[in-house]
Amino acid sequence: MSKKLSLTLAASVLALGSLTAGAPAIAAGDYHEVVKDKAPKTVKGNGKSYKERMDKWKKNGGKPKEVELQILGTSDLHTNFVNYDYYRDAKSNSLSLAKTGVLIEEAREENDNTLLFDNGDLIQGTPFGGYKVNVDPLEDDELHPAYAALESLDFDASTLGNHEFNFGLDYLDDALEETAFPVLNANVYDAETGENRFTPYTIVDKKVTDRKGKKHTIQVGVIGVVAPGIMGWDRAHLEGEVIAEDAADTVEKFIPEVKKAGADVVVVLSHSGMGDETHTDKEDDITYQLTEVEGVDAIITGHNHDVFPGSFSELENVDQEKGTINGVPVVMPGKFGSHLGVIDLTLEPRGKKWRITNGEAELRAIDSTTDEVAEQVIEAVKETHEGTVEYIRSPVGETTAPINSYFSLVQDDPSVQIVNNAQLWYAEQQLAGTENAELPLLSAAAPFKAGGRNGGDYYTNIETGEIAIKNVADLYVYDNTVFVLKLTGADLKEWLEMSAGQFKQIDPAVTGEQTFINDNYRTYNFDVIDGVTYDIDITEPAKYDGEGALVNESAERIENLQYEGTAIDPNQEFLVVTNNYRASGNFPGVRNATESIDFAYENRQAIQDYILEVGTIDPSADGNWQFAPVAGNPNLVFETSNSAKSLAEREPAIQYIEVTQNGFAKYGYTIQ
């Protein structure tokens, strides 16, 4: 059903991820960088299909009562249900649950003994998600279209990802109310009662057929956990309402209870990243630790937007061939529906219980070369999809030149400049007549779409001419709200020192190539602060690591920090416009803010209002930051989209070198 669209509605468009994982209110969390083409079309855990294994079993005289249990998994769909890119306003066969659904149906044809689970980050991520929040809100007794999409494929259970919390607990409760299958979480507790806020686990009584055709029932316990970082990423929604405990410890706590409830097999839906061999309390990436928890038989993980089998070979006890870590089969099925995770467990009866005799895992990539989809998914979300497409096409203004973010990590950039201009415009109106109105007003914004783990086509790219709501989403992909922070000049410098962690340290004396972009640093943390001017000296080491911890106390990357042409007084007070994600985080400088003003208004809506007010925008950056001059002529290189090749010809500091992979190319950079 078509709806009358209004440009005064809160901007609905949502981010693709991040998605970090921990990521801003996306990918506030989420989370997790440059994922190249690490997984081929099919990453076999053992290199054989189910049928091939069955043939081998028959040949070798397998046990007749053995059962092959197949567990399928998706993760980080981020409202990509239809094979459609809302940012390009065009069909895309490189994503969507509708494409994954084809693989799900094929896998079920191979083996009737199949369970299907989703690992969260489901209701947020594209304009589709925001449309259901702000434009066409859920009605009483309405099934959220995200869960309708899962239901159309008969999912057995799901878990909550960090982005499920982006819209607040009330909205989440409404979204879950009509679901036909369990949506799990075990490590988020009610702050007042200390009880689990959501259903921590479920037991699925799965009817199966053994290799001789006899029927059995296997009880499969499923536990869900989420990255505890939600308490920072969505503090405005969650503080005082819930607490999040360590995910690995929580699974270990619940294993005995799940076993006592009758589980023959325990599957963990882990919306956390892979992590490493070292465990710290309440860290977000703990899947590796879960493989060491006794009683865990299989894991579906995600949050990193990465792939396993495929990545993480550097970790101990990883078997890429079998798809196991510490002997436990694990799948991390990419992002946006790119892959289906397949775990195969072989079980044999031991009295009244079942024993797992083998476990292997693989990934299957969707076919991006055809239009084939699972039509039931398309039908399940048809109304919301059509409404979203109609909404994103609504015009708001014009631009006199193209706007892109291809070079946003190496020079001041128009896509970031427009965001800062809009935030300053909005905040000036809101602060007029207040006690803070006379303080210097600055604005912080980051290049949200800058490739990285999302590939060489994940950049802002707006053509000259009409700007529609979909383009506003392209400029500001996260579901953030406007905050203004009061802090000192000294705090401002530390904020910028943290942001400068985007760059690796270079040595001007080295003659060979030096990459100077830190791929492990999240680009949404590379804040450009407008209203001041400054240089970044990348011959200095970074002062802070990506988590904001001090690592080089004497480092001074930020030089010539000035306000209105004068060196900043460390004691002078400033106001900085930012977003709820930054304001509630642990950035150096930011954490010293003496006042935090919440305007409860979407940054994206402020940008939309600004463009409507201005009408025609001139997308040019003011060049308020640059790299500090260096001695010699170091051979600096970086990667950005191969689509930027023609644009590099117009940039005196940038030289195209060669195409690399996953849509990227290598470029040279000369510090002027």
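As the structure is a computational prediction, the values presented were derived from the model and not from experiment.

*Asks:* What is the right way to look at the overall build of the protein chain in this model?
*Replies:* Within the protein chain, the secondary structure is distributed over 17 helices and 37 strands. Taking 672 residues into account, the globule formula puts the C-alpha radius of gyration at 26 Å, and the protein chain, at 25 Å, falls close to it. Counting only C-alpha atoms and orienting by the principal axes, one finds that the protein chain spans roughly 80 × 60 × 50 Å. The proportion of buried residues among the 672 residues of the protein chain is 61%. For the protein chain, the accessible area works out to roughly 25,000 Å², and carbon and sulfur atoms hold 44% of it.

*Asks:* How should helix 8 (residues 247-260) be read in this particular structure?
*Replies:* Every α-helix carries 3.6 residues per turn, so stepping three or four residues along brings you back to the same face. For helix 8, built from 14 residues, the straight-helix expectation of 20 Å at 1.5 Å per residue is met to within 8% by its first-to-last C-alpha distance of 20 Å. Its axis deflected by about 35° at phenylalanine 254, helix 8 carries its strongest bend there, up to four residues before the proline proline 256. Among all positions in helix 8, only Ala247, Ala248, Thr250, Val251, Phe254, Ile255 and Val258 are buried. Near the N-terminus of helix 8, the side chain that reaches the backbone nitrogen of alanine 248, with its oxygen 3.1 Å away, is that of aspartate 246. Glycine 262 occupies a position one or two residues after helix 8 and carries a positive phi of about 115°.

*Asks:* I tried to follow empty space enclosed by the protein on my own but got confused; where do I start?
*Replies:* Summary: where empty space remains is shown by rolling a probe the size of a single water molecule over the atoms. Size it by volume and the second largest cavity reaches roughly 60 Å³. Along its surface, the second largest cavity is lined by Ser415, Val416, Val419, Ala446, Pro447, Phe448, Lys449, Thr460, Asp474 and Leu475. For the lining of the second largest cavity, the elements supplying multiple residues, two or more each, are helix 12 (414-431) and helix 13 (469-475). Counting residues per element, the lining of the second largest cavity draws most heavily on helix 12, which supplies 3 residues. Residue composition of the lining of the second largest cavity, by class: 6 nonpolar, 2 polar and 2 charged.

*Asks:* Can you help me understand the packing of aromatic side chains in this one?
*Replies:* For any pair of aromatic rings, geometry is given as the distance between the ring centres together with the angle between the planes. This model, assessed by the stated rule, comprises 31 aromatic pairs. Between tyrosine 84 and tyrosine 86 the ring centres are 5.6 Å apart and the planes differ by 55°, which places this aromatic pair in the tilted class. According to the relative accessible area criterion, tyrosine 84 is buried, its value standing at 12%. Given the relative accessible area of 2%, tyrosine 86 is considered buried. The structure contains a cluster of three or more aromatic residues connected by ring pairs, namely Phe407, Phe503, Phe516, Phe526, Trp625, Phe627, Phe638, Tyr656, Tyr667 and Tyr669. The ring of phenylalanine 587 carries the charged tip of arginine 582 above its face, separated from the ring centre by 3.9 Å.

*Asks:* Is there a simple way to explain the packing of helix 12 against helix 16 (residues 603-614) in this structure?
*Replies:* In a packed pair of helices, the relevant descriptors are the angle between the two axes and the axis-to-axis distance. Where helix 12 contacts helix 16, the axes come no closer than 9 Å and their chain directions differ by 90°. The angle between helix 12 and helix 16 falls in the class roughly perpendicular. Mapping the contact onto sequence places Ile418, Val419, Asn421, Ala422, Gln423, Trp425 and Tyr426 in helix 12 and Asn603, Ala606, Ile607, Asp609, Tyr610 and Glu613 in helix 16. Among the residues forming the contact of helix 12 with helix 16, the class breakdown is 8 nonpolar, 3 polar and 2 charged.

*Asks:* Explain the packing of helix 3 (residues 127-135) against helix 11 (residues 382-392) to me, please; I cannot follow it from the model alone.
*Replies:* Running from amino to carboxyl end, helix 3 crosses helix 11 at an angle of 90°, the nearest separation of the two axes being 9 Å. Our classification of the angle between helix 3 and helix 11 gives roughly perpendicular. Listed contacts from helix 11 to Pro127, Phe128, Tyr131, Lys132 and Val135 of helix 3 are Thr384, His385, Gly387, Thr388, Tyr391 and Ile392. Taken together, the residues that form the contact of helix 3 with helix 11 break down as 6 nonpolar, 4 polar and 1 charged.

*Asks:* Looking at this structure, I do not really get the sheet that holds strand 34 (residues 625-627). What am I missing?
*Replies:* By definition, the strands of a sheet pair up through backbone hydrogen bonds, in either a parallel or an antiparallel sense. Strand order across the open sheet formed by 4 strands is 30-29-28-34, with mixed pairing between neighbours. Single-partner strands in this sheet number two, and they are strand 30 (566-567) and strand 34. Across 3 bridges, the pairing between strand 28 (residues 533-536) and strand 29 (residues 558-563) is antiparallel. Looking across to strand 29, one finds that threonine 533 is bridged to glutamine 562. Running at roughly 135° to strand 29, helix 14 (residues 489-499) makes contact with strand 28 and strand 29 of the sheet.

*Asks:* Help me understand a negative patch on the surface, please; the structure alone is not making it clear to me.
*Replies:* On the surface, a cluster of negative charge is contributed by Glu139, Asp140, Asp141, Asp170, Asp174, Glu177, Glu241 and Glu383. With respect to the helices and strands, the residue glutamate 383 is situated in helix 11. Relative accessible area serves as the criterion here: at 41%, glutamate 383 is assigned to the partly exposed category.

*Asks:* Would you take a moment to explain the confidence of the model for the protein chain for this structure?
*Replies:* Do not read the predicted coordinates in detail wherever pLDDT is low. Residues of the protein chain with pLDDT of at least 70 account for 91%, and the chain-wide mean is 90. The model gives residues 1-40 a pLDDT under 50, and that stretch makes 227 contacts with residues more than four places away or in other chains.

*Asks:* Would you take a moment to explain unusual backbone geometry for this structure?
*Replies:* With the exception of glycine, the majority of residues adopt a negative phi angle, and the majority of peptide bonds are in the trans configuration. In this structure, proline 309 follows phenylalanine 308 across a cis peptide bond, with omega equal to 0°. When you line up the elements, proline 309 lands in the loop between strand 14 (307-308) and strand 15 (318-319). Even without being glycine, lysine 282 reaches a positive phi, approximately 60°. Relative to the helices and strands, lysine 282 is located in the loop between strand 12 (265-271) and helix 9 (287-290).

*Asks:* Please clarify how the sheet that holds strand 36 (residues 654-659) should be interpreted in this entry.
*Replies:* Taken in spatial order, the 4 strands of this open sheet run 26-35-37-36, and their pairing is mixed. Of all the strands in the sheet, the pair left with one neighbour each is strand 26 (513-515) and strand 36. Averaged over neighbouring strand pairs, the angle between their axes works out to 40° when direction is ignored. Pairing of strand 36 with strand 37 (residues 664-669), which is carried by 5 bridges, proceeds in the antiparallel orientation. Residue pairing for strand 37: glutamine 655 is matched across the bridge by glycine 668.

*Asks:* Is there a simple way to explain the pairing of strand 18 (residues 339-350) in this structure?
*Replies:* The two faces of the sheet receive side chains in turn, since in a regular strand these alternate between them. Counting buried positions over the 12 residues of strand 18 gives 10, a clear majority of the element. Taken together, the 7 bridges between strand 2 (residues 67-74) and strand 18 define a ladder with antiparallel strand orientation. Opposite isoleucine 71, over in strand 18, you have isoleucine 343 as the bridge partner. Bridge count for strand 18 against strand 19 (residues 353-365) is 12 bridges, and the pairing is antiparallel. Along strand 19, the bridge assignment pairs glycine 341 with leucine 363. A loop of 2 residues connects strand 18 with strand 19, the two strands running antiparallel in sequence, and glycine 351 in this loop sits at a positive phi of about 70°.

*Asks:* When you look at the side chain of aspartate 118 in this model, what are you seeing that I'm missing?
*Replies:* Secondary-structure assignment places aspartate 118 in strand 5 (residues 114-118). A distance of 2.7 Å separates polar atoms of two side chains, one belonging to aspartate 118 and the other to threonine 74. Side-chain polar atoms of aspartate 118 contact the side chain of serine 158, separated by 3.3 Å. Setting aside its immediate chain neighbours within four residues, aspartate 118 contacts Thr74, Ser75, Leu77, Leu150, Phe155, Ala157, Ser158, Thr159 and Leu269.

The rules behind these values
Residues numbered from 1 in each chain as written. Predicted model: local features only at pLDDT ≥ 70, side-chain atom pairs only at ≥ 80, totals over all residues. Heavy atoms only, no water. Helix = DSSP H or I, 4+ residues; strand = E, 2+ residues; numbered from the N terminus. Rg over C-alpha atoms; globule rule 2.2 N^0.38 Å. Buried < 20%, exposed > 50% of the residue type's maximum accessible area, 1.4 Å probe, protein only. Areas by Shrake-Rupley, 256 points an atom, 1.4 Å probe, with all protein chains shown as cover. Expected span 1.5 Å × (residues − 1). Bend = angle between axes of the 7 residues up to and from the residue. Polar contact = N/O pair within 3.5 Å; in protein donor to acceptor, adjacent residues only side chain to side chain. 1 Å grid on protein atoms, 1.4 Å probe; cavity = no way out; pocket = protein on both sides within 12 Å on 5 of 7 lines; lining within 4 Å. Points joined across faces, edges and corners; volume = space filled by probe spheres on them. Nonpolar A, V, L, I, M, F, W, Y, C, P; charged D, E, K, R; others polar. Phe/Tyr/Trp six-rings, centres within 6.5 Å; stacked < 30°, edge-to-face > 60°. Lys NZ or Arg CZ within 6 Å of the ring centre and 35° of its normal. Axes fitted to C-alpha atoms, helices over the stretch in contact; angles between N-to-C directions. Parallel < 35°, antiparallel > 145°, perpendicular 65-115°, else oblique. Contact = heavy atoms within 4.5 Å. Pairing = 2+ DSSP bridges. Patch = residues over 30% accessible without salt bridge, like charges linked within 9 Å, V, L, I, M, F, W, Y side chains within 5 Å. Salt bridge = Lys/Arg side-chain N within 4 Å of Asp/Glu carboxyl O. Lys, Arg positive; Asp, Glu negative; His and termini not counted. Charge placed at Lys NZ, Arg CZ, Asp CG, Glu CD. pLDDT = per-residue confidence, 0-100.

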